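# Descriptive structure summary
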Amino acid sequence: MRCRRCKAPAVIELRRHNAGFCGDCFLHHCREQVRRAIDDHAMIGAGERVLVAVSGGKDSLALWDILLDLGHSVDGLYLGLGIGDYSTSSAAYARAFAARRGANLVEIDLPADLGFDIPTGSRAAKRVPCSACGLSKRHLFNQAAVDGGYDVVATGHNLDDEAAVLFGNVLRWNTEYLGRQLPVLPAGQGFVRKVKPLVRLGEREMAAYCVLRGIDYIVEECPMAEGNRHLAYKEALNDIEERSPGAKAAFYFEFLDKASHLFTSTADAAKADLRPCSSCGSATPGETCAFCKLRARATAASS
Ligand code: Q46
Ligand code: ZN
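Residues numbered from 1 in each chain as written. Chains lettered and ligands numbered in written order. Predicted model: local features only at pLDDT ≥ 70, side-chain atom pairs only at ≥ 80, totals over all residues. Heavy atoms only, no water.

## Re the pairing of strand β4 (residues 73-80)
- Buried residues dominate β4, accounting for seven of its eight residues.
- Two strands pair when backbone bridges link them, and strand β3 (residues 49-54) and β4 are joined in this way by six bridges, in the parallel orientation. Bridge pairing in β4 links V52 to G76.
- Following the backbone out of β3, through helix α2 (residues 58-69) and into the adjacent parallel β4, one traces a crossover that is right-handed.
- Inspection of the sheet shows β4 paired to strand β5 (residues 105-109) by five bridges, in the parallel sense. Within β5, the residue paired with L79 across the bridge is I108.
- On the question of chirality, the crossover connecting β4 to the parallel β5 by way of helix α3 (residues 84-101) is right-handed. (Buried < 20%, exposed > 50% of the residue type's maximum accessible area, 1.4 Å probe, protein only. Helix = DSSP H or I, 4+ residues; strand = E, 2+ residues; numbered from the N terminus. Pairing = 2+ DSSP bridges. Right-handed = clockwise from strand over helix to strand, strands pointing away.)

## Brief notes about the coordination of the zinc ion (ligand 2)
- Donor atoms from the polypeptide that coordinate the zinc ion (ligand 2) comprise C277 (SG), C280 (SG), C289 (SG) and C292 (SG), at 2.3 Å from the metal.
- Bound by four donor atoms, the zinc ion (ligand 2) shows angles of 105 to 114 degrees at the metal and therefore tetrahedral coordination geometry.
- Spacing between the donor residues of the zinc ion (ligand 2) along their common chain follows C-x2-C-x8-C-x2-C.
- Accessibility expressed as a relative area gives 32% for C280, which makes it partly exposed. (Donors = N, O, S within 2.8 Å, 3.2 Å for Na, K, Ca; no water. Tetrahedral: all angles 85-135°; square planar, octahedral: opposite > 155°, others 65-115°.)

## Considering the pattern of salt bridges
- Scanning the model with the defined rule gives 23 salt bridges in all.
- Between E242 and R15 there is a salt bridge, and its shortest N-O distance comes to 3.7 Å. Pair noted here: E242 is in helix α10 (residues 229-243) and R15 is in the loop between β1 (12-14) and β2 (19-21), with a separation of 227 residues, a long-range link.
- Between D75 and R49 there is a salt bridge, with the nearest N and O atoms lying 3.9 Å from each other. (Salt bridge = Lys/Arg side-chain N within 4 Å of Asp/Glu carboxyl O.)

Spelled out as structure tokens, the structure:
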């Protein structure tokens, strides 16, 4: 197989695009997909400051690398979740990448800075780990962006992630989540704009990107991911994709084009009921936000 762009021997085949690429043209393809996602969805304006949430994994490091190469002003944010060796080594990958690119990495450590870790927090709040973790990440990424004067928070969710989340939301017809499942969530009510510039690229493409760019990343899965339903949805979608290349992208992008607007009123109604958290000031439907409740339970359990 030959490279679609330069006709040199191809090193990767993308069945979804019915194309192969040589190394250099594949890297160009990845940058172009990110540039297109940013343009199509008005993700980042000229001169805006971006904070990319970095986990030490392939997606977030590749995203940081590409955004830097596209000329954006972008710092990284690493959140130490206190998940044993997994957190120790993922932090090392994030720091090594920042040092290599001469980029700025902001760090927040849950145990040291907030007094609890995810395993303790999830047990204390009787939430599954990924739920306690997800809500902590959303809260702290936003807070760090507000505190640091950033215009945008970017996350490394790729096409496989978004298709799997969509699949789960459709299986349960979770209309509120369907209304919010967009590649851009606008700023408002104390929330900084959130963007997902990797939605046009799949998991395999991100792994290949890191290999070709010589980016070292943490390969192990988070030990708390076991039982995470999204992994099963990803496998199911991979089986479908195998038989019908392009099905995953069609599922996600046709949803954005044809159906997501049908659910925005449910999501907007949920947003209209928000007021400031009595403890931290973030917008919340109750008296105290979910993060402050989690933190109070977790720190009580740790002391
Ligand atoms: S880090 Fe956190 Fe993930 Fe680990 S506990 Fe779950 S959500 S799996 S991306
Ligand atoms: Zn709060």
